[in-house]
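Here is what each chain is made of, one letter per residue.
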Amino acid sequence: MSAKHDAGLHAVLRVRSVRERDSRLGLHQALAEQAGAQQSLAGLHAAVAQSPDLDRVGAGAFLALRQSVAGVSARLGEMREEVSWRGTVADEARARHAADRSRERAVEMLLERRAAERAAERRRVEAKEADDLTSARFGRGDQR
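Thresholds, definitions, all that
- Residues numbered from 1 in each chain as written.
- Predicted model: local features only at pLDDT ≥ 70, side-chain atom pairs only at ≥ 80, totals over all residues.
- Heavy atoms only, no water.
- Axes fitted to C-alpha atoms, helices over the stretch in contact; angles between N-to-C directions.
- Helix = DSSP H or I, 4+ residues; strand = E, 2+ residues; numbered from the N terminus.
- Parallel < 35°, antiparallel > 145°, perpendicular 65-115°, else oblique.
- Left-handed = near helix turned anticlockwise from the far one by under 90°.
- Nonpolar A, V, L, I, M, F, W, Y, C, P; charged D, E, K, R; others polar.
- Buried < 20%, exposed > 50% of the residue type's maximum accessible area, 1.4 Å probe, protein only.
- Polar contact = N/O pair within 3.5 Å; in protein donor to acceptor, adjacent residues only side chain to side chain.
- Contact = heavy atoms within 4.5 Å.
- Core = buried A, V, L, I, M, F, W, Y, C linked by side-chain atoms within 4.5 Å.

Trainee: In this structure, what is going on with the packing of helix α2 (residues 7-49) against helix α3 (residues 59-140)? I would like to understand it.
Mentor: When two helices pack together, their arrangement is given by the angle between their axes and by how far apart the axes lie. One can describe the packing of α2 onto α3 by two numbers: an axis separation of 7 Å at closest approach and a directional angle of 160°. Comparing their axes, α3 and α2 come out roughly antiparallel. By crossing handedness, the relation of α2 to α3 is classed as left-handed. Residue classes in the contact of α2 with α3 are distributed as 20 nonpolar, ten polar and 17 charged.

See below:
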C-alpha cells in the first residue's frame, strides 16, 4: 500500500540504492588495488633486504648488483607514490560510499516515517468509527 502512496520516493530509493551499491563496489575495488600496491611495495622492500652485501661480491657482480639496486630504488619511489595515490583514491571512494549510504538511508527513513504516519491515521479513523458505532448503539438503547 505504501508503494501506491510513495511511488516517487520508491523510485528515488531505487536510484539511491543503485548508487550506494556502485559506490560500495568502487570502494572494494579501490581497497583491493591499494592492498595490491602495498604488497608490491613490501615485496620490493623484501628484495632489497635480501640482496647480498656489496662488500662481499666480486667486481663484476658489484656492478650488476649496483645497477639492480638502483633500479629497485627507483621502483621503490614509484611504488611509494602509487601506494599514496591509491590511498587517496580509497579515501575518496570511502567518503563517496558513506555519502551515498547516508542518502539512501535518509530516503528509507522518510518512507518508514510516512508509513508509520499512515498507520497511525488509519488507527485514529478506526477508533473514531468504533466510537461512532458505540455511540449509535448506545443512542438506540442497544447496550451489548
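Trainee: I tried to follow the side chain of S23 on my own but got confused; where do I start?
Mentor: Checked against the element boundaries, S23 lands in helix α2. The exposure class of S23 is buried, given its relative accessible area of 8%. Engagement of the side chain of S23 in a polar contact is seen with the backbone oxygen of E20, the distance being 3.0 Å. Contact partners of S23, with chain neighbours within four places excluded, come to R96, H97 and D100.

Trainee: Can you walk me through the nonpolar core in this structure?
Mentor: Side chains of nonpolar character tend, in soluble globular proteins, to be buried together. Counting residues in each nonpolar core, the largest one holds seven residues, listed as A37, L41, L44, V72, L76, M79 and V83. If you list the elements that add at least two residues to this core, you get α2 and α3. Ranked by the residues each element gives to this core, the list is headed by α3, at four residues.

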